[in-house]
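A closer look at the structure
Read off the chains here:
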Amino acid sequence: MAIDLENKNIYLPRLYRIMEIIPETSDIKTFRLDLEDENSSHLPGQFAELFVPGVGEAPISITSSPTQKGILEFSIKRTGLVTSAIHRLNSNDRLGIRGPYGNTFPLSDLTEQNLLFIAGGIGLAPLRSLINFVLDTEKRNQFKKVTILYGARSPQDLVFKWELKRWQMRDDITFLLTVDRGDDQWKGTVGLVPNVLKENIQVDPLEWKSIICGPPIMIKFTIKALLEMGFQPPDIITTLEMRMKCGLGKCGRCNIGPYYVCKDGPVFTYQQLQNMPEEY
Amino acid sequence: MFESILIDTAKKLLRDKTVDLIIGYGSTHYPFRTEPIVINKEDQADALIWNPFCGNNLARYLKYYKNTQHKIALMVKGCDSRAVQVLLKEDQINRDRLYLIGLSCPGLVNREKLQKQFPQASPEDFQWKETGWFFHGEQIDPELLLEETCLRCRYPNPLEYDQLIGEPRTTSPYQTYQKDYLDPIDDLSPEERWDRWSKEMTKCIRCYACRNSCPLCYCQECFAESTQPQWVSPAPTPSDNFLFHLVRTMHMAGRCVECGACERACPVSIPIAQLPLKVETIIREQFQFEAGTDQESAAPLLTYRENDPGDFVK
Amino acid sequence: MKSGKVTKNDLVQWLKTHQNNFLVTEKVAHHQPELLCDQSKEIKNIKEALFLPWDKLFNYHWENQQWNVDNIQPSTSPRFLMALPCEARAIYEVLDRVFLQPSETESGYAARRQGLKMVIVGCINPEPTCFCHLVGGNPYWTHPDALFILPFHDEYYLETNQPEQFDIIEQGTTLNKSEKEEIEVLRKQMEEKTNQEKLPEDAPQGLYDLFEDQEWEDLSWKCLNCGACTFLCPTCQCFDMSAEGRLKGFQLKTWDSCMFPKFTLHASGHNPRPTFKERVRQRVLHKFSYFPLREEGRYGCVGCGKCIEICPVNWNIREAVERMVKKIGNRS
Ligand SMILES: Cc1cc2nc3c(=O)[nH]c(=O)nc-3n(C[C@H](O)[C@H](O)[C@H](O)COP(=O)(O)OP(=O)(O)OC[C@H]3O[C@@H](n4cnc5c(N)ncnc54)[C@H](O)[C@@H]3O)c2cc1C
Ligand code: SF4
Ligand code: SF4
Ligand code: SF4
Ligand code: SF4
Ligand code: SF4
Ligand code: FES
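Residues numbered from 1 in each chain as written. Chains lettered and ligands numbered in written order. Predicted model: local features only at pLDDT ≥ 70, side-chain atom pairs only at ≥ 80, totals over all residues. Heavy atoms only, no water.

**Focus: the overall build of chain B**
Check the secondary structure of chain B and you find 11 helices and eight strands. The C-alpha atoms of chain B give a radius of gyration of 20 Å, which matches the 20 Å a tight globule of 314 residues would have. Expressed along its principal axes, the backbone C-alpha trace of chain B runs to roughly 55 × 45 × 40 Å. Total accessible area on chain B is roughly 14900 Å²; 51% of this is exposed by carbon and sulfur atoms. Of the side-chain charges in chain B, 36 are positive and 45 negative, and the distance between the mean point of each set is 3 Å. (Helix = DSSP H or I, 4+ residues; strand = E, 2+ residues; numbered from the N terminus. Rg over C-alpha atoms; globule rule 2.2 N^0.38 Å. Areas by Shrake-Rupley, 256 points an atom, 1.4 Å probe, with all protein chains shown as cover. Lys, Arg positive; Asp, Glu negative; His and termini not counted. Charge placed at Lys NZ, Arg CZ, Asp CG, Glu CD.)

Spelled out as structure tokens, the structure:
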């Protein structure tokens, strides 16, 4: 193997200023970073490693669409060491980023198609990048019908409420919102995502592609529901989560069989998953 | 002879359904090496062996059965039986679920010493008798062969068992040889000791084989791997290695049964048992307490007495 | 290819002139102690020369009310490294393929690798634990970029494609015809042994197909899930990254192991490899299935036997693989 000494330090993050922090739920915040004059080179579905000096790194999906110029957005749930430290940051603090990493949603397979997005909880974050890409004025006509089904445990657990409103107001998409348990104010649908899917969405499964993300259990039952509806495994697309460190297929922890989720994923079709061991 | 008794015992235990499984030792493809095995069928019992290379402390495996219903037979040497007693005291397993196959132990043979003394020898060259080891009929000085941790052993007979394989030994290796590899270290000056341990600590790669071989390191999450808070850096620097080993030693204080399994596990040959062993020596002298010698008395570091003279605090 | 032979004395003299930057693996030191010099540095494991047990990836500090990160320029210093063929294969066939991937080259590894001059010592004393011939190696395996040396009739046979790097080769006298033939024959024998005994061509896929097999449960029972085997394995590549120091510090890279339960534990508490079975299976399959499936059939194990030698419970990767490979046969 040839040795390339000109290579840059692949682990070195770049620091970007936090422009805005948007509280989403009790434990989720969205961070908007200022790329100054740059535009992000990522494509929907990719993620980045976020670095808090003195604390560490965490892999987080890029939730902004590349069509949003000059910014990057991440929606982060407070779970452990690094995500808690990110939650403690303030506007104008600097956050380290390296990436983008991983594959992308198969954009060429999705163009000229009807798209059914199904998300649960924070799982909307990676899909939002693609949704806003598809809904961008310049891109919208490259895709056909768009339906979005989004669910959360309770009304308080819905993320991107500001974004949901925008989507609800659009007349070129169908938008469905559901919660597992409602409250006094909740006037919308109540029910688990897979059930709402089967009861409320009538589409010709052979004419649609479905893109799903959410907690593992939700993904599992949603795939089951889609298959029952007649969707074909190659038309069900999802993104996986594994414990990751390097994002580059080197540190060795995110593999499922011979595939590194950080490099060959995180986006896989259900057909691909069927041929992989169930070790995720 | 011992092995045939052992195998018969094992078969009977499984046949009569006295136990569901037996954790014992089996042989490997390599000379002078054994492995832990688990069996649950009568015809598997022939695989069981007992010889002075059975170095693992099998009490280690009890932690995996903590939440099962299995009745387990376990092969225990003197030190292993002490480990079981500590586990019983610490409520890690129930005595009714255990059947202890006691082994009166002549001391384990250290493979490195053996290879040094008899570089080309194969197992057939040796005979093991009640009185010790013989090389082509000639008795070998045990000091030249035994593990250092075994030369200082005071309890070669299991202190708790349901059946004993072999006659109880009347003297312990320590009574016979009066040898403790900690003694020469005590004679070093603090600076020399510091140098010695600093050197050992540069060798440690923090593989945790020592911890994972120890029957009494059963924490769900070891402090060494906790990130919130982080007590010790994952970098295997001498100072972090020191920290890991010293904290582990303190967690073992009054609990270590002096089996030496940790030391035998170390892939880079650090005499790591010396740390917990030293602490046990102090505890024996200061508190007249030895871990695992009974199932009742509370460990000194878990007890508080108003009239404690406290003269070890200077 | 330039070859020749030198006296033992000449070789030792040459080693001595370079002894201040000579690394020698423990295996070589054990097999051929006559090649050791006072100053040569012994390393436990060949990967320590390139993939350090711990390493600094970059620095960071808090200054002027904000965070700053600073790159660390890796340094290249020429060094000799003397190793056995199996160990050398770990670098050429495995670690290079991970850390020198085009466009994702790890600069620290690359810098150290650039300065490395490899001396491969033909293995004359295979141990009962080693099995390089099963995984494509052999005791005389060498790489054109390295200097190959082999004890030969009280002298040493030398061979390299890089005479400028290894000037000792200029001192060598050429082999006569029968000596050349002798070397050829020795080589042939070794290569034939490899060809006869190596794992079947379909082993990587066959083992992958056995992912769900019950046998893994049985195989993994005694393993203690420590890191001894993977840390001392010359090919194990896995690492962790964490920040060291609060307001001023560095991003730390340390060896990590798929045998540790925390290796794959998600922040949610979910663990895709929750028990011994999954972790042991990962170690075996990574080396004997996943790596070869990704890397043109090359095994991620070089058969050095180190892991077998040091395992506290004598867990034996070779036995495990052979047991599973037999199952592939039985099935078809
Ligand atoms: C491709 C990808 C995209 C992702 N995108 C997003 C995203 O957009 N938004 C988002 O919020 N998250 C996302 N995640 C998840 C996110 O990476 C993890 O939540 C994050 O890495 C947690 O890191 P941490 O340092 O906060 O937690 P850590 O401090 O690393 O905590 C995790 C560790 O703490 C311990 N631990 C924590 N919780 C438990 C528990 N319940 N039981 C036992 N041990 C525990 C474990 O040792 C665990 O390894 C993504 C992950 C991947 C792989
Ligand atoms: S610390 Fe070592 S000697 Fe003490 S009980 Fe544990 S393994 Fe045995
Ligand atoms: S077994 Fe040895 S090398 Fe491994 S952590 Fe313990 S002392 Fe260190
Ligand atoms: S195989 Fe041996 S060395 Fe490796 S983790 Fe298991 S017990 Fe430790
Ligand atoms: S797995 Fe074992 S035999 Fe194979 S390269 Fe690693 S240490 Fe050597
Ligand atoms: S996954 Fe396991 S076997 Fe493979 S390189 Fe990493 S530590 Fe070694
Ligand atoms: S995150 Fe390191 S290999 Fe995938």
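**With respect to the interface of chain A and chain C**
Note on interface size: it is often stated as the accessible area lost on association of the parts. Contact with chain A, which involves 45 residues of that partner, is made by 52 residues of chain C. Here chain A meets chain C over a buried area of about 4400 Å², counting both sides, of which 56% is carbon and sulfur. Applying the counting criterion to the chain A and chain C interface returns six salt bridges. In this structure, Asp240 of chain C and Lys245 of chain A form a salt bridge, with 3.1 Å as the shortest nitrogen-oxygen distance. At the boundary of chain A and chain C, one finds 26 residue pairs in polar contact (both at pLDDT 80 or more). Residue assignment for the side of chain A that touches chain C shows that the elements contributing at least two residues are strand 4 (56-61), strand 6 (94-101) and strand 14 (259-260) of chain A. Looking at the side of chain A that touches chain C residue by residue, the class counts come to 22 nonpolar, 10 polar and 13 charged. (Contact = heavy atoms within 4.5 Å. Buried area = accessible area lost by both parts, 1.4 Å probe. Salt bridge = Lys/Arg side-chain N within 4 Å of Asp/Glu carboxyl O. Polar contact = N/O pair within 3.5 Å; in protein donor to acceptor, adjacent residues only side chain to side chain. Nonpolar A, V, L, I, M, F, W, Y, C, P; charged D, E, K, R; others polar.)

**A word on the sheet that holds strand 8 (residues 146-152) of chain A**
Residues and elements named next belong to chain A. The seven strands lie next to each other as 10-9-8-7-11-12-15, forming an open sheet whose pairing is mixed. The open sheet is flanked by strand 10 (189-190) and strand 15 (267-269), the only strands paired with a single partner. Summarising the sheet, strand 12 (residues 236-239) and strand 15 pair through three bridges and their orientation is antiparallel. Bridging from a neighbouring strand, Ile237 pairs with Thr269 of strand 15. In the packing of helix 4 (residues 161-169) onto the sheet, contacts are made with strand 8 and strand 9 (173-179), and the angle to strand 9 comes to roughly 135°. (Pairing = 2+ DSSP bridges. Axes fitted to C-alpha atoms, helices over the stretch in contact; angles between N-to-C directions.)

**Points about the domain arrangement of chain C**
Residue and element names in this part refer to chain C. Assigned domains within chain C: domain 1 (2-52 + 73-197) and domain 2 (203-245 + 256-331). For domain 1 and domain 2, the distance between their C-alpha centroids amounts to 27 Å. Domain 1 puts 25 residues into the contact, and the matching count from domain 2 is 28 residues. Overall, the association of domain 1 and domain 2 removes approximately 2300 Å² of surface from exposure, summing both partners, and the carbon and sulfur fraction of that is 59%. Inspection of the region where domain 1 meets domain 2 yields four salt bridges. Note that Glu93 is salt-bridged to Arg298, the shortest N-O span being 3.4 Å. Summed over the shared surface of domain 1 and domain 2, the number is 12 residue pairs in polar contact (both at pLDDT 80 or more). (Domains from an automatic or database assignment.)

**So, the site of ligand 6**
Residues and elements named next belong to chain C. In the vicinity of ligand 6, the contacting residues are Thr230, Cys236, Gln237, Cys238, Cys258, Gln282, Arg283, His286 and Lys287. The element best represented in the shell around ligand 6 is helix 10 (residues 276-294), accounting for four residues. Residues belonging to the shell around ligand 6 are distributed by class as follows: three nonpolar, four polar and two charged. (Near = heavy atom within 4 Å.)

**With respect to the interface of chain B and chain C**
With 35 residues of chain B at the interface, the matching set in chain C holds 30 residues. Counting each side, the surface lost to burial between chain B and chain C is near 2700 Å², with a carbon and sulfur contribution of 60%. In this structure, Lys222 of chain C engages Glu35 of chain B in a salt bridge whose closest nitrogen and oxygen atoms are separated by 2.1 Å. Listed by contribution, the elements that provide at least two residues to the side of chain B that touches chain C are strand 2 (34-39) and helix 8 (209-213) of chain B.

**Things to note about the packing of aromatic side chains**
The full count for this structure, using the stated rule, is 38 aromatic pairs over all chains. An angle of 75° between the planes, with centres 6.1 Å apart, marks the rings of Phe160 of chain A and Trp162 of chain A as edge-to-face. Put simply, the rings of Tyr11 of chain A, Tyr208, Phe223 and Phe244 of chain B together with Phe51, Phe99, Tyr109, Phe231, Phe239, Trp255 and Phe260 of chain C pair up and form one aromatic cluster. The residue whose ring lies beneath Arg196 of chain B is Trp197 of chain B, and the NZ or CZ to ring-centre distance is 5.1 Å. (Phe/Tyr/Trp six-rings, centres within 6.5 Å; stacked < 30°, edge-to-face > 60°. Lys NZ or Arg CZ within 6 Å of the ring centre and 35° of its normal.)

**Notes on the domain arrangement of chain B**
All names here are of chain B. What the domain assignment reports for chain B is domain 1 (1-112 + 145-174) and domain 2 (182-305). Here domain 1 and domain 2 have C-alpha centroids that lie 24 Å from each other. Across the contact, 24 residues belong to domain 1 and 33 residues belong to domain 2. Around 2400 Å² of area is buried between domain 1 and domain 2 when both sides are counted, 46% of it from carbon and sulfur atoms. Among the residues of domain 1 in contact with domain 2, Arg60, Arg82 and Lys89 are the three that bury the most area, contributing 26% of the side total. Between the two partners, domain 1 and domain 2, sit three salt bridges. Between Arg82 and Glu258 there is a salt bridge; the shortest N-O distance is 3.2 Å. Counting the contacts that link domain 1 with domain 2 gives 17 residue pairs in polar contact (both at pLDDT 80 or more).

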